[in-house]
Amino acid sequence: QLQPMGAVNIRRVVGCVWVCATLGLRPSAPRLRRAARHRRCAVRVAATVESSVPSFSREPGKERGAMVAWLLGSNVSHVAELPVEAALPGCSATRLARRAKPLEPASRYAMYVRELWRANETGAAIDCCAPSVSSSSLRSRTATGVVVGLLFSAWIFSNDACYALCLAAQVVVAQLEYFRMAIASGAAPARRIVLCSSLTMLYAALCAPALHELVFPLAGTWIMLWFLLMRPNCSSINDISTTLMGLFYTAYLPSWWVRVRCAPAWELARPAAVPDLPAWLAACFVSPDRLAGAVAVWWTCLGVAAADIGAYFGGKKFGKRSLASVGLGAAGKASPNKTLEGALSGFLASALVGTAAAAAMRWPLWAITGPLYGLAVSMVALVGDLTASMLKRDSNVKDFGDLLPGHGGLLDRLDGFIFVAPLAYVLLPKLLLGLADPTGMLLATR
């Protein structure tokens, strides 16, 4: 029945079946219609269908119609055995296998890190950065956002060691996503030495905050020694600058979240009444001396998320003027879809969250300091978002990765939080401690 359909329709059928199979869906008619939107995948599969039909079948010699019928009746385990890399250039077997069946979070994380680490050459990095077959509907984005928000809340209110370890896991993924994009652009960064320096920086931020700021210049010296002694040939300016930018952008700036959350100065703002928790739960929960800092960090992260959500929906509802049209130069070209109305909507949403946070934490002059803090957070978060967009546009990729369904990579989701950490480190103690420490030095001592 399929043979008279013609080559074009067969391309669509095979491409849709392949998309459904790799996403772990049964290839029913409605799902085929939804999967038909993935035209890029259908075109890629069609090239293999016309040139090497037996590559889709474990039994060479099948005719095209029989092969398509076999695919329609196959399950996910059969499709997983097919030569994926030959059928879909730019999509690794690891990536498609990850979508073929649900994985435990730890296994998914390990598989994703392994995929990022293997992109150590320009060709492999370009293949991994190719657009992935994923759903970007509002429902999937919302579901992923809710899950990530709950996980972030649990992470913020965990004990100090768990907080630092989870941040280290995020830094490793974000750093490898950044380096994969840089490698795809032709750079050759020193990934190993940067990862070691990043973990050392996080450890210093937790256990020796007075030495935390020294790690970055010392790591810079260490990196240059690595380039001079461990590389057989002279490295280019692009290699060196990409390496240092990776350390600064994905490790040094995020490490300030440890300084903010685990600073000893929060003992001065310890709540008068702390609920009694079971011993096993208290060991996993933030200590009472750091509870005020955890609450402040939670409200700050909520302000960043509110700015992102407000900008998205405000831009879709009211957006008319792009950032480039109002004379913002490269900011508008980095993200042409962002509008002035969307940015203002994000500022307003974050200001409302900042007002609620100031009232809940009893900041001095909360009706003024709260909106101003929310506005500052949203503006800095927008800087982080546009910075990530500029990096992706220069590398000609849409997303840093595909770890989070509907959002892309981890760095795509956390780009707005990166530059906010130093701002929170400077402002939160002054606001939460009643402006009693104008120099901000309470956070610098143990």
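Residues numbered from 1 in each chain as written. Predicted model: local features only at pLDDT ≥ 70, side-chain atom pairs only at ≥ 80, totals over all residues. Heavy atoms only, no water.

1. Description of the packing of helix α14 (residues 237-261) against helix α20 (residues 410-418)
How two helices pack is summed up by the angle between their axes together with the distance between the axes. For the record, the criterion: Fitting a line to C-alpha atoms yields each axis, with helices limited to the stretch in contact; the angle taken between N-to-C directions then spans 0 to 180 degrees. Secondary structure is summarised from DSSP: a helix means a run of H or I of at least four residues, a strand means a run of E of at least two, and numbering begins at the N terminus for each. Here the angle decides the label: under 35 degrees means roughly parallel, over 145 means roughly antiparallel, 65 to 115 means roughly perpendicular, and every other value means oblique. When the near helix sits turned anticlockwise from the far one by under a right angle, the crossing is termed left-handed; a clockwise turn instead gives a right-handed crossing. Residues count as neighbours in contact if any of their non-hydrogen atoms are within 4.5 Å of one another. Charged means Asp, Glu, Lys or Arg here, nonpolar means Ala, Val, Leu, Ile, Met, Phe, Trp, Tyr, Cys or Pro, and polar covers whatever is left, Gly included.
For the pair α14 and α20, the least separation of the axes is 10 Å and the interaxial angle reads 60°. Taken as axis vectors, α14 and α20 run oblique relative to one another. Remark: the crossing between α14 and α20 carries left-handed chirality. Here Y249, L253, P254 and W257 of α14 come into contact with α20, specifically with L411, D415, F417 and I418. Grouping the constituent residues of the contact of α14 with α20 by class yields seven nonpolar, no polar and one charged.

2. Digging into a nonpolar patch on the surface
Using the following cut-off: Exposure above 30% relative accessible area and no salt bridge define the residues that can form patches, which grow by joining like charges within 9 Å and nonpolar side chains of Val, Leu, Ile, Met, Phe, Trp and Tyr within 5 Å. Reported accessibility uses the Shrake-Rupley method at a 1.4 Å probe radius. Residues are deemed covered only where the shown protein chains occlude them. Salt bridge, as used here, is a side-chain nitrogen of Lys or Arg placed within 4 Å of a carboxyl oxygen of Asp or Glu. For the exposure calls, accessible area comes from a 1.4 Å probe over protein chains only, and a residue counts as buried if that area is under 20% of its type's maximum, exposed if over 50%, partly exposed in between.
Residues W222, L225, L228, L229 and M230 make up a contiguous nonpolar surface patch of about 590 Å² in total accessible area. As for its placement among the helices and strands, L228 is situated in helix α13 (residues 209-230). Judged by relative accessible area, which is 65%, L228 ranks as exposed.

3. Details of the packing of aromatic side chains
What counts here: When the centres of two rings from Phe, Tyr and Trp lie within 6.5 Å, Trp using its six-membered ring, the rings pair. Their planes under 30 degrees apart give stacked, over 60 give edge-to-face, and anything left gives tilted. Any Lys NZ or Arg CZ found within 6 Å of a ring centre and within 35 degrees of that ring's normal is scored as a charge over the ring.
For the coordinates displayed, the defined rule picks out 15 aromatic pairs. Seen in terms of ring centroids, F248 and Y252 are 6.0 Å apart; in terms of plane orientation they differ by 25°. Their pairing is stacked. Taken as a pair, F248 and Y252 lie in helix α14 at a separation of four residues, close to a single helical turn. A network of ring pairs unites the aromatic residues F216, F248, Y252, W256 and Y425 as a single cluster. One cation-aromatic arrangement involves R261 over Y163; the distance from NZ or CZ to the ring centre is 4.8 Å.

4. What about the packing of helix α16 (residues 291-318) against helix α18 (residues 340-361)?
The N-to-C vectors of α16 and α18 enclose an angle of 150°; their axes lie 6 Å apart at closest approach. Classed by the angle they form, the pair α16 and α18 counts as roughly antiparallel. Seen from above, α16 lies across α18 with right-handed handedness. Contact residues: V295, A296, W299, L302, G303, A306, A307, G310, A311, G314, G315 and F318 in α16; E341, G342, S345, G346, A349, S350, V353, A356, A357, A360 and M361 in α18. Broken down by class, the residue content of the contact of α16 with α18 amounts to 14 nonpolar, eight polar and one charged.

5. Comments concerning empty space enclosed by the protein
To keep things clear, this is the line we draw: Of the grid points, spaced at 1 Å and generated over the protein atoms alone, those admitting a 1.4 Å probe that cannot get out make up cavities, while open sets with protein on both sides within 12 Å along at least five of seven lines make up pockets; any residue with an atom within 4 Å of a point is treated as lining. Grid points are joined across faces, edges and corners, and a volume is the space filled by probe spheres set on the points.
In this structure the tally under the stated criterion is three cavities of 30 Å³ or more. As a volume, the largest cavity reaches approximately 180 Å³. In this structure, the largest cavity is lined by 14 residues; those nearest its centre are L167, Q170, P254, L414 and F417. Within the residue set of the lining of the largest cavity, elements represented by two or more residues are α10 (138-156), α11 (160-184), α14 and α20. Volume-wise, the second largest cavity comes out at about 50 Å³. If you go around the second largest cavity, the residues you meet are W299, T300, G303, S350, V353, G354, A357, Y373, G374 and V377. Listing elements by their share of the lining of the second largest cavity, those giving two or more residues are α16, α18 and α19 (366-395). The element that contributes the greatest number of residues to the lining of the second largest cavity is α18, accounting for four residues.

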